[in-house]
Amino acid sequence: MVPYDFTWIFALTVCFAIFDAYGIGANDVANSFATSVGSRSLKLWQAVVIALFTEAGGAMLLGAGVTDTIKDGIIVSSGFSKRPELLMQGFMSALIASSSWVMFATYLGLPVSTTHSIVGAVVGMGISAFGVNSVKWEWGGMGKIIASWFISPVLAGIVAALIYLISKYSVFRAKNSLRNGILAIPWYFAFTLTVMMYYIVSKNGKYKPISVSADVTTGVWKITGDWTSIGIAIGATFGGVLLICFGFVVPFFIRLLEKEEDLKWYHLFYIWLVPTQPVNTNLSAKLRTQFTPDQVDAAIENAEAGEETVEKKETAEAVAATITVPAAAAATETSTNFATGAYNKVKGLLYNSLFMDVATVQSANAKTAHDAAVRYDNKTEYLYSFLQVCTAAFASLAHGSNDVANAIGPLAAVYQIWQTASVTSKVDVPFWMLAVGGLAIDLGLALYGYNIMKNLGNNMTYHSPSRGFSMELGAALTVITASFLGLPVSTTHCITGATVGVGLCNGNLAAINWKLFAWCFFGWIFTVPFAGSCSGLLYALFTRGASFSYGGF
């Protein structure tokens, strides 16, 4: 091979890398925002707008400038040194298999690990190329992946449950839960934003991250990293946020929720200058509709039960006769006017993508789980919706900086081989790849993320802002702590485990949709073998199948 040979492989790899990034957005990023949208702290279109900045920003500003040629070093790459074009084909096969599985899982509503998908695809390619012995099955390779199926959800569930229980007993069950919540919010904000600052400072490459390691021979644990610089950054963040919250946020919420003044969100920034506002008489009804709409609907149904008269029935029939079913209209227009029908289909797709209320999409099992959950004061819950926006944005930023490599890493390796006709252990990642990957992730969330949010954001257990905040912060802390200790975790598995952990804090096993959880767990286990099998078969077809060059044609 000489440089710039096999341009068609590079071109196809670009296409499937973008498709894989699209799938990551539709699946992984949807996990990040599922709890916020499911608890109604954010609307679907608002989550898309936030992700547009955090995912693309995380990918472009904090994404890895250098990546491993072989993802996680799970197979030996030395066998490709004499035939680099075969590694190009291998990564192309891996991306085809990985992207296909992620999109298929998204279609089924399965939250799966995109990291495990590409890892499984690379393993399959390695086995197809050099056999089973080419894969590192020990702890440093596939052993970590298998262990993470159990470590990730358990750790995240424990951490998220602890965070929620602190709120449950110190805030919600207090005599004056609203005032306790208002006074607790500054500490939660300070802690959350400090964790975010630590992550950003550790990822920007200017400071050595704090890490823990053990000497195998002596058994002595060592803590390394730039303690001084990182300590100053997180200390200043914690103190600054605490000062701002007690100076502006606490007075704002006292007037908004305790005194029920009709304040706007922008009054927060100059709350001391805002004169006394009229009482907002619709506040309680608005919050009840936003956070417990099922209870509102049930009350309406109970009030109307047994009261239908002949006159009401005739009126209902008359109204029903005037209703036009949109789907039927669209179908008729499609048969007579293809352009109009296509327009209506695209319009419907965009509506689902941006404006679907995923919290209303409930299965029978989910309704049972919701009924078993304990509900608390809506005003106190409202406080946590602001925190939840922060944790969702943080999870998305972290995701954009880390998981964009799942799609872009193999592409960068193929690009390097295409340019140099050689194989190296690490390759530079061009900025344009990070930008394309980040934008494709955003597009995936915007157009198809709702399909995952319907399951994880609402069907697994009842979501409220306080629960969603605990789930997101618990998952984020687990990922950061695991990286600190060198333990293998998956962000997808963490948010699912955190969801179950918080759901169990209701004190009732029926508060969890166990059927859905089992379905998700099946998807986790099936990801590696499915992606690996598809990748291995594709690689065998590409490299060992019949061709015009076979036999000197």
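Note that this is a predicted model, so its numbers are computed, not measured.

**Student:** Just checking my understanding: could you explain the overall build of the chain for this structure?
**Tutor:** Within the chain, the secondary structure is distributed over 19 helices and 4 strands. Looking at the chain as a whole, 51% of its 553 residues are labelled buried. Of all intrachain contacts in the chain linking residues separated by at least 6 positions in sequence, the fraction that spans at least 24 positions is 80%. Only carbon and sulfur atoms are counted for the fraction: they give 67% of the accessible area of the chain, which is about 25200 Å².

**Student:** Help me understand the pattern of salt bridges, please; the structure alone is not making it clear to me.
**Tutor:** Pairs may arise between side chains of opposite charge once their charged atoms sit close together. Going through the model one piece at a time under the given rule, you end up with 5 salt bridges. For E260, the salt bridge identified is with K379, shortest N-O distance 2.4 Å. Pair noted here: E260 is in the loop between α7 (227–258) and α8 (283–291) and K379 is in helix α14 (residues 378–420), with a separation of 119 residues, a long-range link. Overall, the relative accessible area of 15% leaves K379 in the buried class. We note a salt bridge from K367 to D371, for which the minimum N-O separation is 3.4 Å. Within this pair, K367 and its partner D371 are both found in helix α13 (residues 364–371), separated by 4 residues, close to a single helical turn. On the accessibility criterion, D371 (51% relative accessible area) is exposed.

**Student:** Explain the side chain of T461 to me, please; I cannot follow it from the model alone.
**Tutor:** With respect to the helices, strands and loops of the structure, T461 is situated in the loop between α16 (450–459) and α17 (465–485). Among the residues examined, T461 registers a relative accessible area of 0% and is labelled buried. A distance of 2.7 Å separates the side chain of T461 from the backbone oxygen of A511, its partner in a polar contact. Aside from chain neighbours lying at most four places away, what touches T461 is H370, M471, T499, G503, N506, A511 and I512.

**Student:** Sorry, what's going on with the nonpolar core here?
**Tutor:** What tends to happen in soluble globular proteins is that the nonpolar side chains get buried as a cluster. One finds F33, F253 and M453 to be the most contacted residues of the largest nonpolar core, which totals 137 residues. Per-element accounting of this core gives the leading share, 19 residues, to α14. Those residues in contact with M453 that sit more than four places away from it in its chain are A30, F33, A34, V37, L44, V358, L445 and N458.

**Student:** I'm lost on a nonpolar patch on the surface in this one. Help?
**Tutor:** Together, I244, F248, W265, Y266, F269, Y270, W272 and L273 give the surface a local cluster of nonpolar side chains, amounting to about 1000 Å² of exposed area. Looking at the secondary structure, you find Y270 in the loop between α7 and α8. Overall, the relative accessible area of 36% leaves Y270 in the partly exposed class.

**Student:** Help me understand α14 in this model?
**Tutor:** Residues that lie three or four places apart on an α-helix share one face, since the helix turns once every 3.6 residues. Compared with the 63 Å implied by 1.5 Å per residue over 43 residues, the 61 Å span of α14 between its first and last C-alpha is a close match. At A407, α14 is bent by approximately 50°, the largest bend along its length, and proline P410 sits one to four residues beyond. Burial within α14 is extensive, with 38 of its 43 residues counted as buried. At the exit of α14 stands A421, carrying a positive phi of roughly 60°.

**Student:** What exactly am I supposed to notice about the packing of aromatic side chains here?
**Tutor:** To describe a pair of aromatic rings, one takes the distance between the centres and the angle between the planes. Tallied over the full model, the rule gives 28 aromatic pairs. For the ring pair F252 and F253, a centre distance of 5.5 Å and an interplane angle of 65° mean the geometry is edge-to-face. Geometrically, the ring pair formed by W514 and F517 is edge-to-face, given 6.1 Å between the ring centres and 90° between the ring planes. Here F517 and W514 lie together in helix α19 (residues 514–544), a separation of 3 residues that amounts to about one turn. With relative accessibility at 18%, the residue F517 sits in the buried group. Every member of this aromatic cluster is reached through a ring pair, and the members are W101, F104, W519, F522, F526 and F530. Taking the ring centre of Y462 as reference, the NZ or CZ of R375 above it sits at 4.0 Å.

**Student:** For this particular structure, what's the right way to read the environment of F431?
**Tutor:** Position of F431 among the secondary structure elements: in helix α15 (residues 431–448). Sequence-wise, F431 and L61 are 370 residues apart; in three dimensions their C-alpha atoms are separated by 9.3 Å.

**Student:** Got a minute to help me understand the packing of helix α1 (residues 7–38) against α16 in this structure?
**Tutor:** Between two packed helices, the angle of one axis relative to the other and the distance separating the axes together describe the packing. The interhelical angle for the contact between α1 and α16, taken along N-to-C directions, is 45°, at an axis separation of 8 Å. Considering the angle they form, α1 stands oblique to α16. The handedness of the crossing between α1 and α16 comes out as right-handed. From α1, A26, N27, A30, N31, F33, A34, T35, V37 and G38 reach across to α16, where they touch I452, M453, L456, G457 and N458. A breakdown of the residues in the contact of α1 with α16 according to their chemical character gives 8 nonpolar, 6 polar and no charged.

**Student:** For this particular structure, what's the right way to read the confidence of the model for the chain?
**Tutor:** Any residue range with low pLDDT should be treated as having predicted coordinates unsuitable for detailed reading. In the predicted model, the chain carries a mean pLDDT of 80, and 81% of its residues have values of at least 70. Segment residues 308–313 is flagged for pLDDT under 50; beyond a separation of four residues in sequence, or across chains, it makes 2 contacts in the model. Here residues 315–335 is a poorly scored stretch, pLDDT under 50, and it has 8 contacts once near neighbours within four places are set aside; other chains count.

**Student:** Even after reading the chapter, I still don't get unusual backbone geometry, so can you show me in this structure?
**Tutor:** Only a minority of non-glycine residues have a phi that is not negative, and only a minority of peptide bonds are not trans. For Y4, which is not glycine, the phi torsion reads 70° and is therefore positive. By the element assignment, Y4 lies in the segment before α1. Look at Y4 and you get partly exposed, because its relative accessible area is 47%. For E260, which is not glycine, the phi dihedral falls at a positive 60°.

**Student:** I'm lost on α8 in this one. Help?
**Tutor:** If you check which residues of α8 are buried, you get L283, L287 and F291. Buried positions in α8, seen along its axis, are confined to an arc of 40° and lie on one side of it.

**Student:** Can you help me understand the environment of P84 in this one?
**Tutor:** Inspection of the secondary structure assignment puts P84 in helix α3 (residues 84–108). For P84, a relative accessible area of 4% translates into the label buried. Through-space distance from the C-alpha of P84 to that of I417 is 6.7 Å; in sequence the pair is 333 residues apart. With sequence-adjacent residues up to four places away left out, P84 is seen in contact with M1, I417, A421, S422 and V423.

**Student:** Could you clarify how one ought to interpret the side chain of T114 in this entry?
**Tutor:** Tracing the backbone shows T114 in helix α4 (residues 114–130). A distance of 2.8 Å separates the side chain of T114 from the side chain of D28, its partner in a polar contact. The contact partners of T114, leaving out residues within four places of it in the chain, are I24, D28, V102, D403 and N406.

Thresholds applied
Residues numbered from 1 in each chain as written. Predicted model: local features only at pLDDT ≥ 70, side-chain atom pairs only at ≥ 80, totals over all residues. Heavy atoms only, no water. Helix = DSSP H or I, 4+ residues; strand = E, 2+ residues; numbered from the N terminus. Buried < 20%, exposed > 50% of the residue type's maximum accessible area, 1.4 Å probe, protein only. Contact = heavy atoms within 4.5 Å. Areas by Shrake-Rupley, 256 points an atom, 1.4 Å probe, with all protein chains shown as cover. Salt bridge = Lys/Arg side-chain N within 4 Å of Asp/Glu carboxyl O. Polar contact = N/O pair within 3.5 Å; in protein donor to acceptor, adjacent residues only side chain to side chain. Core = buried A, V, L, I, M, F, W, Y, C linked by side-chain atoms within 4.5 Å. Patch = residues over 30% accessible without salt bridge, like charges linked within 9 Å, V, L, I, M, F, W, Y side chains within 5 Å. Expected span 1.5 Å × (residues − 1). Bend = angle between axes of the 7 residues up to and from the residue. Phe/Tyr/Trp six-rings, centres within 6.5 Å; stacked < 30°, edge-to-face > 60°. Lys NZ or Arg CZ within 6 Å of the ring centre and 35° of its normal. Axes fitted to C-alpha atoms, helices over the stretch in contact; angles between N-to-C directions. Parallel < 35°, antiparallel > 145°, perpendicular 65-115°, else oblique. Left-handed = near helix turned anticlockwise from the far one by under 90°. Nonpolar A, V, L, I, M, F, W, Y, C, P; charged D, E, K, R; others polar. pLDDT = per-residue confidence, 0-100. Arc of directions from axis to C-beta.

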